[in-house]
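# Inside the fold
Next come the chains, spelled out residue by residue.
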Amino acid sequence: MLPSIAAHAAIIVFVSVNVAVAITDLTCMKIGNGFILVLLVSYLVCAPLAGLSFDAMAASGLIALCTLVVASILFGFGWIGGGDAKLVAVTSLWMGNYATHEYLVTAAIIGLGLTIAVMIARSYHTWLAPHWPLSAKILKKGEGVPYGAALAISALMTISNTFWVP
C-alpha cells in the first residue's frame, strides 16, 4: 500500500512542478531553483518509499550526473540556460534508465518546434507584441528560447514510461 501511495504522490508533485516550470519559463524565461529542489527532494523521499531499489536509484543518479555534466558544457557555451541544465539533470534522475533517452529525444523534437515557433513570432514582433500573452522577452531578437518549457512538456509526455507509472 505504501509504495503505491508514494508513487502516486511523486507523480502528483512531478506533474505539478513541470506544469509550473513550463508556465514560468514561457512567461518569465526563468526556472527557479525552488522547482529543481522540489523535484530533487521529492525523488529522494518518494523513490525508496515507492520501492525503487538502491541500485536503481544509484543508476538514476549516475545518469543524472552524466546529463548534468553534458548540460553544464552546453551552458558554458551559452547554448542553454542554467535552469535548463539543472532541470534536464533532475528530470533524468526521475526518468532513470527507463526513459532518459526517450525524454531527451522528445525534448529535442519539442525544442526544435518551439525554436521555430519563436523565430516566426519574432519576425512578426510588431504585430504580435500587443496581443502576446507571454513574455515580451521571448519576442526580442537575440534573446534565448524558453527551452525549459520544451523540457517540461517532454517530461510530462515520457513519465508514463518509467518506474513511477506501472
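Keep in mind the model is a prediction, meaning the values are calculated, not measured. (Residues numbered from 1 in each chain as written. Predicted model: local features only at pLDDT ≥ 70, side-chain atom pairs only at ≥ 80, totals over all residues. Heavy atoms only, no water.)

## Focus: the overall build of the chain
Our working definition: Here a helix means four or more residues in a row that DSSP labels H or I, a strand means two or more in a row labelled E, and each is numbered from the N terminus. Values of the radius of gyration come from C-alpha atoms, whereas the globule rule sets the reference at 2.2 Å times the count of residues to the power 0.38. Accessible area is worked out with a 1.4 Å probe on protein chains only. A residue is then buried under 20% of its type maximum, exposed over 50%, and partly exposed in between. Here, residues are in contact when the closest pair of their heavy atoms is within 4.5 Å. To be clear on the numbers: accessible area is Shrake-Rupley with a 1.4 Å probe, and residue cover counts the displayed protein chains and nothing else. Just so you know, the count uses Lys and Arg for positive and Asp and Glu for negative, and it drops His and the chain ends. Note on charges: their place is set at NZ of Lys, CZ of Arg, CG of Asp or CD of Glu.
Along the chain, the regular secondary structure elements total six helices and zero strands. Start at the N end of the chain and walk to the C end: the helices and strands fall as α-α-α-α-α-α. Expected size for 166 residues packed as a compact globule is a radius of gyration near 15 Å; at 17 Å, the chain falls within 12% of this value. A buried classification covers 40% of the 166 residues belonging to the chain. Summarising the internal contacts of the chain: among those between residues at least 6 apart in sequence, 73% fall at separations of at least 24. Working note: accessible area of the chain is about 8700 Å², and carbon and sulfur atoms make up 75% of it. Placing the 6 positive and 5 negative side-chain charges of the chain at their respective mean positions leaves the two points 17 Å apart.

## Details of the packing of helix α1 (residues 2–28) against helix α4 (residues 82–123)
This is how the line gets drawn: Helix axes use the C-alpha atoms of the stretch in contact, all axes being lines fitted to C-alpha atoms, and the angles between their N-to-C directions lie in the range 0 to 180 degrees. Any angle that falls under 35 degrees is termed roughly parallel, while one over 145 is termed roughly antiparallel, one within 65 to 115 roughly perpendicular, and all others oblique. We call a crossing left-handed when the near helix sits turned anticlockwise from the far one by less than a right angle, and right-handed when that turn is clockwise.
Packing of α1 against α4 brings their axes to within 13 Å, and their N-to-C directions diverge by 160 degrees. The orientation of α1 with respect to α4, classified from their angle, is roughly antiparallel. Crossing of α1 over α4 shows left-handed handedness. From α1, Ala10, Phe14, Asn18, Val21 and Asp25 reach across to α4, where they touch Asp84, Leu87, Thr91, Trp94 and Met95.

## Description of the environment of alanine 155
One can find alanine 155 in helix α6 (residues 147–158). Sequence separation of alanine 155 and alanine 107 is 48 residues, and the distance between their C-alpha atoms is 7.9 Å. Among all residues touching alanine 155, those that are not within four sequence positions of it are Phe14, Asn18, Thr91, Met95 and Tyr103.

## Overview of α1
Test applied: Multiplying 1.5 Å by the helix residue count minus one yields the expected span of that helix.
In a regular helix each residue adds 1.5 Å, so 27 residues correspond to 39 Å; α1 covers 38 Å between its end C-alpha atoms and thus fits that length. Here α1 has its buried residues at Ala6, Ala7, Ala10, Ile11, Phe14, Val17, Asn18, Val21, Ala22 and Asp25. Among the structural elements, α2 (33–49), α4 and α6 are those in contact with the buried residues of α1. One or two residues past the end of α1 sits methionine 29, with phi positive at roughly 55 degrees.

## A few points about the packing of aromatic side chains
Each aromatic ring pair is described using two quantities: the centre-to-centre distance and the angle formed by the ring planes. Formally: Pairing of aromatic rings covers Phe, Tyr and Trp, the last through its six-membered ring, and needs centres within 6.5 Å; plane angles under 30 degrees mean stacked, over 60 mean edge-to-face, and all others mean tilted.
Counted by the stated rule, this structure contains seven aromatic pairs. Judged by centre distance (6.0 Å) and plane angle (70 degrees), the ring pair of tyrosine 43 and tryptophan 164 falls under edge-to-face. Taken together, the residues tyrosine 43 in helix α2 and tryptophan 164 in the segment after α6 connect sequence positions 121 residues apart. Residue classification places tyrosine 43 among the buried residues on the basis of a relative accessible area of 2%. Here the aromatic rings of phenylalanine 77 and tryptophan 79 are separated by 4.8 Å at their centres, their planes lie at 20 degrees, and the arrangement is stacked. No difference in accessibility class separates phenylalanine 77 from tryptophan 79, as the two residues are exposed. Among the aromatic residues, those joined into a cluster by ring pairs are Phe14, Tyr43, Trp94, Tyr98, Phe163 and Trp164.

This is a description of form; function is not addressed.
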